[in-house]
Structure formats: structure tokens, C-alpha cells
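Chain by chain, the residues run as shown.
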Amino acid sequence: MHPGDFKKYGLEFLEWMDGYFRSVREYPVLPKVKPGDIKAKLPAEPPSRGESIDELFRDFKTVILPGMTHWQHPDFYGYFPAGRSEPSVLAEMLTATLGAQCMIWLTSPAAEELEERMMEWLRSMYGLPSDYSGVIQDTASTATLVSLLTAREVKSGYAINRNGYDRTYRFRVYASEHAHSSVDKAVRIAGIGHQHLVKIKSGPDHAMLPDELERAIAKDVRDGYTPLAVIGTFGTTATAAVDPLDAIGAIARRYNSWYHVDAAYAGTALILPDMRRMAAGIDLADTIVINPHKWMLTNFDCTAYFVRDKERLIKTFAITPEYLKTDADALVNNYRDWGIQLGRRFRALKLWFVIRHYGTDGLRQIISDHIEYARWLEKQIVSEPDFEILAPVLFSLVCFRYHPPRVQDESALNTINENLLSQLNQSGRMFLTHTKLKERYTLRLAIGNSSTTQDDIRATWNFIKETARCF
Ligand SMILES: *Cc1c(COP(=O)(O)O)cnc(C)c1O
């Protein structure tokens, strides 16, 4: 690149980025494209002659942007939110510019020490005991896999890492029927086998029933299985249900089982001291995962992983080839040994920017606003005779459906709600996703985008009502 061009284009990009932050609501939330539309606009072969940033930026705007789903649109209510904020984006620019690999202390002392401090800040913000150590993982999926691999090694005396998996181990893993699919993936990858993942029934509030857990483990122990790990979820993906972490943790303890708590989405609510009652017993966990990249304004990827006994984690993952040995090893954390990959992005910088820019008071205000919006919406839904709430609203997720009193047939209601969702999403005006709860087609409206306001929620609710009542 010619000297001066980086700055010239950088300023032009910043101008565009600033505009996007302020005008994202003017885009349709979902793009109007068919599968293959975008690929058809991309040449089959890479260019042999280098192209200008002008050409690239033009194609970004004409080819890529029309095919984007605008996750940061204030009316994006699908899945769970993807964090983003101005300070986080600015930090990501610096991270990319430094281009550092943060695998061991020596490869970037500031990155390692900032990560250590940020994890201490988060631990304190969430109200977790100070004997947890923290590390940033890329995703909750990876963190849960890391947890199960550690459990496997602890239970086998670190023999499976050495000898491979054989049939002498008869491990079982337990999680709620509403546990995230990353749990299913992790038991497969960790070699435990999907058939040895026992899904525990939930009650009417969609939270795991501890008696069912106890019964399942007791039966497995009688049948010669080893209860390797129990996974409790604080905020399930379908409904944000909260498993009774204390009762589950006590059972895990009693059977000498590893205890992992998946709080990927709802864990951020723990920055509000009032919310911590719901997480009573979380401190029984061996490992905990919370995603600042969901609900805490921090760009993907940034997963906070807490481990009570870091020696077990390191014993599972450490491999130190000669060229990575350094004099500092005894004094510092080498995060390469705290997870799967060697190379690591400098993720702590964006957390530092986000936490410092908003302050813990500012972040608490944003999270409690989102919870307030959800409660407001819940109240509206309850007050309408032709809508109903299908799961308790504990955080910022609202599960509901349209239920005109004239329709009583469940499968007809499912069809109506499926069509309603499709019409809402096709409008380009908003985006919601769905789940099935006890065979009922359920609309999920997840709040958590930093640009969403009370007015947005009000307008969204009016639009949903009007659309539904045209059916
Ligand atoms: C989103 C989510 C995950 C997966 O998060 P990734 O960081 O995308 O892997 C896991 N568990 C729960 C409860 C979630 O909500």
C-alpha cells in the first residue's frame, strides 16, 4: 500500500463505520437474498493483479452489505445478542494493527497481564469467589469442551491423554434436556460418546429437576457407570431457564462428579447483585463459562472461562516444546496451556476498553434496562387476551405466542405462529427466532442490543400485534 493510503482509507472507513453505528436501523434486518445470490457475484478465481481499496470498498458496499443480516439493528431479537460497541470496535482496530500472537507471556507480556487483570475484574463484577482463575476462550462451545476434557483427565488420572480412550472407562455426562447443543458436541469430541450424555427432564419452568438428576446418576452408578460430569445451565438457550445450581451442585459433589456451569448468555446479568440469588450454588462449580461477546457490548469473540483449580486445567493441556520454554514460566500464565489452540488473539484489550469506557455502573444500567424492557413486554403480552407468555421472563428473553381464543387446536396454533414469525421476519422490520416448548411453537424475542430503546420495544410490540391480528 502506498504511504498515506492507509490513513486516507482508514479515515474513509471510519466515516462509514460511524454512519453505520448511527443509521443501522435504516437497513432491513434480514437481507432479501436467495441462497447462492452473493456467491454468484464473486469471481470464481482470485485476481492476479492487485486491486485498489476503492474497488474493494465499492464491492463491500454493493455485493457484501446487501447480503448481511444486521445483528446490530435495534430490532434484531433473534438467538441471543452479539455484543458490539464503539469502544470495543476501536480496541479491535488496535488489536488488528498490533497483529500480535498471545500464546505465552513472552510473546506479549502486556496481553497476558491485561488478560489476567481483566479476568479478575470480571470475576469481581460477577460476584464469583476469588479462588477462581480466569482465561479468555474464543467461545462457550470451546470452554465447555475444555471443561469436559479436563474432567475426563482428572477422572482417569490423566491416562486418556497418554494412552488414548479405551473401553475400561464407562463415563456418563448429565445435563438438562434444554442444555445447549455445544454440550452434545463436546461429549462427542471428548470421546465420551453421545449415547453417554444423559438429558435430564425439566419442570414446568423448563429448569432441570434435581430429583431426576439424582435418580439418573444413582441408576447409572448401580449399572457400573462413572458419573464424569454434571452441567448446569444458568439461562438456557430456548427460554433462559435457570437450573437449580445449588441442588445440582450438591448432587455432583456427592457423586464426586465434575461440575460445569454454562452461563453463556445470562451470566452477564450477575453484574447486577440482585440477580445473584438466582445463581445460588454457582460457587460449587469446578468451571464456569460466561460470554461477554453476547450481552456485554464486547465484540465476538470473547468468552470468560473460570476454573477453580487451574493446575488440573494446565495438566490437561500443557505441552511445552523446547522452543517455547522461557525463564518466566514459573512466574506468569502461559495461556497456551489453558485451552486448545496455541495461537491466541489479543482479546483482553476490547474488554478493557468496554469496562473502562462504560464503568461497572454504566454496564449495570444497560443490562438492567434490557431486563426492564423484557418485563414491560411481558406485562403487555399478559394483558392481551389473544397472546400468551410461554416461559418465565427472568432476564431479557421473552417467549410467547399468539393464541386467539377461537383457536384451541395445538397444531393449528403452531401453524399460525410459524406463519406469524415468517411474516414478521420477511417484513425486514425485525428479526425473531423460535423454539418448541412441549411441542408448542414459541416465538423468542431476545433483547440485549446496545442500540435498542424502550421506544423500539413499544413499536415492535405494536407491529407484532397488528401483524398477528390480520391472520
Ligand atoms: C450461546 C450459547 C452457547 C454457545 O456460545 P458460543 O460462544 O457461540 O459457543 C452455549 N451455551 C449457551 C447457554 C448459550 O446461550
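These numbers come from a predicted model, not from an experiment.

Draft legend 1. Looking closely at the overall build of the chain. Of the regular secondary structure elements, the chain holds 15 helices and 11 strands. Taken over C-alpha atoms, the radius of gyration comes to 24 Å for the chain, in line with the 23 Å a tight globule of 471 residues would show. When each of the 471 residues of the chain is scored for burial, the buried share is 52%. Summarising the internal contacts of the chain: among those between residues at least 6 apart in sequence, 73% fall at separations of at least 24. As displayed, the chain offers around 21,800 Å² of accessible surface, 54% of which is attributable to carbon and sulfur atoms. Within the chain, the 58 negative side-chain charges are centred at a point lying 3 Å from the centre of the 56 positive side-chain charges.

Draft legend 2. Just the pairing of strand 9 (residues 397-402), in detail. Counting buried residues in strand 9 gives 6 out of 6 residues, a clear majority hidden from the surface. Side-chain alternation along strand 9 places Leu397, Cys399 and Arg401 on one buried face and Val398, Phe400 and Tyr402 on a second face that is also buried. In terms of strand pairing, strand 8 (residues 387-389) meets strand 9 through 3 bridges, oriented antiparallel. What sits directly across from Ile389, in strand 9, is Phe400. In this sheet, strand 11 (residues 440-446) lies alongside strand 9 in antiparallel orientation, the contact comprising 4 bridges. Note that in strand 11 the partner of Cys399 across the bridge is Arg444.

Draft legend 3. Region of interest: the sheet that holds strand 2 (residues 171-176). Spatial strand order, 1-7-6-5-4-2-3: 7 strands in an open sheet with mixed pairing. The open sheet has two free edges, formed respectively by strand 1 (133-137) and strand 3 (197-200), since each of these has just one partner strand. Taking each pair of neighbouring strands and ignoring which way they run, the sheet shows an average axis angle of 20 degrees. By the bridge criterion, 4 bridges tie strand 2 to strand 3 in an arrangement that is parallel.

Draft legend 4. How the structure looks around the site of the ligand. With respect to spatial proximity, 14 residues lie near the ligand, and among them Ala140, Ser141, Asp262, Asn291 and Lys294 are the closest. Within the side chain of Asn291, an N or O atom sits 3.0 Å from an oxygen atom of the ligand. Side-chain polar atom of His293 to an oxygen atom of the ligand: 3.2 Å apart, as the coordinates give it. When the free accessible area of the ligand is taken as 380 Å², the share hidden by the protein chains comes to 88%. Taking a 2 Å distance to the grid points as the criterion, the majority of the atoms of the ligand fall inside the second largest pocket.

Draft legend 5. Here's a closer look at the packing of helix 5 (residues 109-126) against helix 13 (residues 348-383). Their axes nearest at 10 Å, the elements helix 5 and helix 13 cross at an angle of 25 degrees. Between helix 5 and helix 13, the angle is such that the two are roughly parallel. Crossing angle aside, the handedness with which helix 5 passes helix 13 is left-handed. Residues Leu114, Glu115, Met118, Trp121, Leu122 and Met125 of helix 5 pack against Ala348, Leu349, Leu351, Trp352, Ile355, Arg356, Thr360, Leu363 and Arg364 of helix 13. By residue class, the composition of the contact of helix 5 with helix 13 is 11 nonpolar, 1 polar and 3 charged.

Draft legend 6. Examining the environment of Ser108 more closely. Its place among the elements puts Ser108 in the loop between helix 4 (86-98) and helix 5. By relative accessible area, which is 17% here, Ser108 ends up buried. Once the C-alpha coordinates of Ser108 and Phe346 are considered, the two residues, 238 residues apart in sequence, prove to be 8.9 Å apart. The residues contacting Ser108, other than those within four sequence positions of it, are Ala100, Gln101 and Cys102.

Parameters at a glance
Residues numbered from 1 in each chain as written. Predicted model: local features only at pLDDT ≥ 70, side-chain atom pairs only at ≥ 80, totals over all residues. Heavy atoms only, no water. Helix = DSSP H or I, 4+ residues; strand = E, 2+ residues; numbered from the N terminus. Rg over C-alpha atoms; globule rule 2.2 N^0.38 Å. Buried < 20%, exposed > 50% of the residue type's maximum accessible area, 1.4 Å probe, protein only. Contact = heavy atoms within 4.5 Å. Areas by Shrake-Rupley, 256 points an atom, 1.4 Å probe, with all protein chains shown as cover. Lys, Arg positive; Asp, Glu negative; His and termini not counted. Charge placed at Lys NZ, Arg CZ, Asp CG, Glu CD. Pairing = 2+ DSSP bridges. Axes fitted to C-alpha atoms, helices over the stretch in contact; angles between N-to-C directions. Near = heavy atom within 4 Å. Polar contact = N/O pair within 3.5 Å; in protein donor to acceptor, adjacent residues only side chain to side chain. 1 Å grid on protein atoms, 1.4 Å probe; cavity = no way out; pocket = protein on both sides within 12 Å on 5 of 7 lines; lining within 4 Å. Sits in = over half its atoms within 2 Å of the grid points. Parallel < 35°, antiparallel > 145°, perpendicular 65-115°, else oblique. Left-handed = near helix turned anticlockwise from the far one by under 90°. Nonpolar A, V, L, I, M, F, W, Y, C, P; charged D, E, K, R; others polar.

By themselves these figures say nothing about function.
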